[in-house]
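Residue-level listing of the chains:
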Amino acid sequence: MGEHSERARHPFRFTDYEGLVVATGTQARNLREFLEVVGRAPGDVIHHHLFRAVLAHRYGTWDHTNDFSVWAATALGDPVLAEKLSSLDPFPGGDVESARAAIMEIVEDHLETMATVPWVRAGFEFHFASGMYFALPGEREAWTLDELRTGVSAIPLSSLYYHFHEARLRGEDDEDDFSRWLEDELGRVDLAERLHRVDFYLFSLEELRQRVVAILDGSEDAP
């Protein structure tokens, strides 16, 4: 059998992943208020704005890596601060408290360079939120590499998020679900390593899908 038709002992089971955004009722009208709320907000609020921001930006260009950097760019009109917040990489490990401390340090240092505290126009406040998300067994499964590629091409982008982004928070080995299955079930360490090198945090989910499919195709010029 060819390498693409080799059959695994256990299938890869795709998971459906959807949820609801839940408003906290707390908002920030300026950068000082933003800093204060970030310092006391529950961990799940920080988690939502850092890790699940990509779910709200599933298509198109992914210019900023989290909700905080988006707000700095669009509401405050501060590309320097937006770039600093975008450069924050909460992976590996997904340590929310370490990420919170890093955000606060970035904002505090930035405020020290400013003569006045910047405010946003009415309607551009940062609205803090959290989310309720559910992972449910999907109907699709894959037994071969070809079937995995076909599945990745067809699944909802929220499912791709679950198996690639969320997997790094669930596991202790900093691996996505696809890499783990490819290595454990098909012995494709080469593909697993290529997937693991994808700096997925910088891409929209549609861009990520294209990259994963290209790697599973064995394309040497995967984007």
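One structure accompanies this document, and this report is about it. Fair warning: this is a prediction, and the values are worked out from it, not measured in the lab. (Residues numbered from 1 in each chain as written. Predicted model: local features only at pLDDT ≥ 70, side-chain atom pairs only at ≥ 80, totals over all residues. Heavy atoms only, no water.)

### A look at the nonpolar core
Residues Phe34, Ile103, Leu148 and Phe178 are the most contacted members of the largest nonpolar core, which totals 61 residues. With residues near it in sequence (within four places) discarded, leucine 148 still touches Phe12, Phe14, Ala142, Phe178, Trp181, Leu182 and Leu216. (Core = buried A, V, L, I, M, F, W, Y, C linked by side-chain atoms within 4.5 Å. Buried < 20%, exposed > 50% of the residue type's maximum accessible area, 1.4 Å probe, protein only. Contact = heavy atoms within 4.5 Å.)

### Some points on helix 4 (residues 79-86)
Looking at helix 4, one finds that the buried residues are Leu81, Ala82, Leu85 and Ser86. Take helix 4 and look down its axis: the buried residues cluster within an arc of 135°, on one side only. With respect to the buried face of helix 4, the exposed residues turned more than 90 degrees away are Pro79 and Glu83. The inward-facing, buried residues of helix 4 abut helix 1 (31-40), helix 3 (67-74) and helix 5 (96-112). If you check the start of helix 4, you find a side-chain oxygen 3.2 Å away from the backbone N of valine 80, and it comes from aspartate 78. (Helix = DSSP H or I, 4+ residues; strand = E, 2+ residues; numbered from the N terminus. Arc of directions from axis to C-beta. Polar contact = N/O pair within 3.5 Å; in protein donor to acceptor, adjacent residues only side chain to side chain.)

### A look at helix 6 (residues 145-154)
Buried within helix 6 are the following residues: Leu145, Leu148, Gly151 and Val152. Down the axis of helix 6, the buried set is contained in an arc of 120°. They therefore lie on one face.

### What to know about the packing of aromatic side chains
To describe a pair of aromatic rings, one takes the distance between the centres and the angle between the planes. All chains considered together, the criterion is met by 15 aromatic pairs. Pairing phenylalanine 12 with phenylalanine 14 gives two aromatic rings, centres 4.9 Å apart and planes at 65°, and the pair type is edge-to-face. According to the relative accessible area criterion, phenylalanine 14 is buried, its value standing at 2%. Taking 6.4 Å as the distance between ring centres and 55° as the angle between the ring planes, the aromatic pair formed by phenylalanine 14 and phenylalanine 178 counts as tilted. With a gap of 164 residues between them, phenylalanine 14 in strand 1 (residues 12-28) and phenylalanine 178 in helix 8 (residues 177-186) connect regions that are remote in the sequence. Taken individually, phenylalanine 14 and phenylalanine 178 each receive the classification buried, so the pair is uniform in this respect. Taken together, Phe12, Phe14, Phe164, Phe178 and Trp181 form an aromatic cluster joined through their ring pairs. Here the guanidinium or amino end of arginine 211 rests over the ring plane of phenylalanine 203, the centre of that ring lying 3.8 Å away. (Phe/Tyr/Trp six-rings, centres within 6.5 Å; stacked < 30°, edge-to-face > 60°. Lys NZ or Arg CZ within 6 Å of the ring centre and 35° of its normal.)

### Focus: the environment of glutamate 147
By the secondary structure assignment, glutamate 147 is in helix 6. Relative accessible area serves as the criterion here: at 32%, glutamate 147 is assigned to the partly exposed category. Considering only alpha carbons, one finds glutamate 147 and arginine 7, 140 residues apart in sequence, at a separation of 9.8 Å. Excluding residues within four positions of it along the chain, glutamate 147 makes contact with Glu141 and Ala142.

### Looking at the packing of helix 3 against helix 4
Remark: helix 3 packs on helix 4, axes separated minimally by 7 Å, with the N-to-C direction vectors making an angle of 170°. With respect to each other, helix 3 and helix 4 are oriented roughly antiparallel. Between helix 3 and helix 4, the residues in contact are Phe68, Ser69, Ala72 and Ala73 and Leu81, Ala82, Leu85 and Ser86, respectively. Residues belonging to the contact of helix 3 with helix 4 are distributed by class as follows: six nonpolar, two polar and no charged. (Axes fitted to C-alpha atoms, helices over the stretch in contact; angles between N-to-C directions. Parallel < 35°, antiparallel > 145°, perpendicular 65-115°, else oblique. Nonpolar A, V, L, I, M, F, W, Y, C, P; charged D, E, K, R; others polar.)

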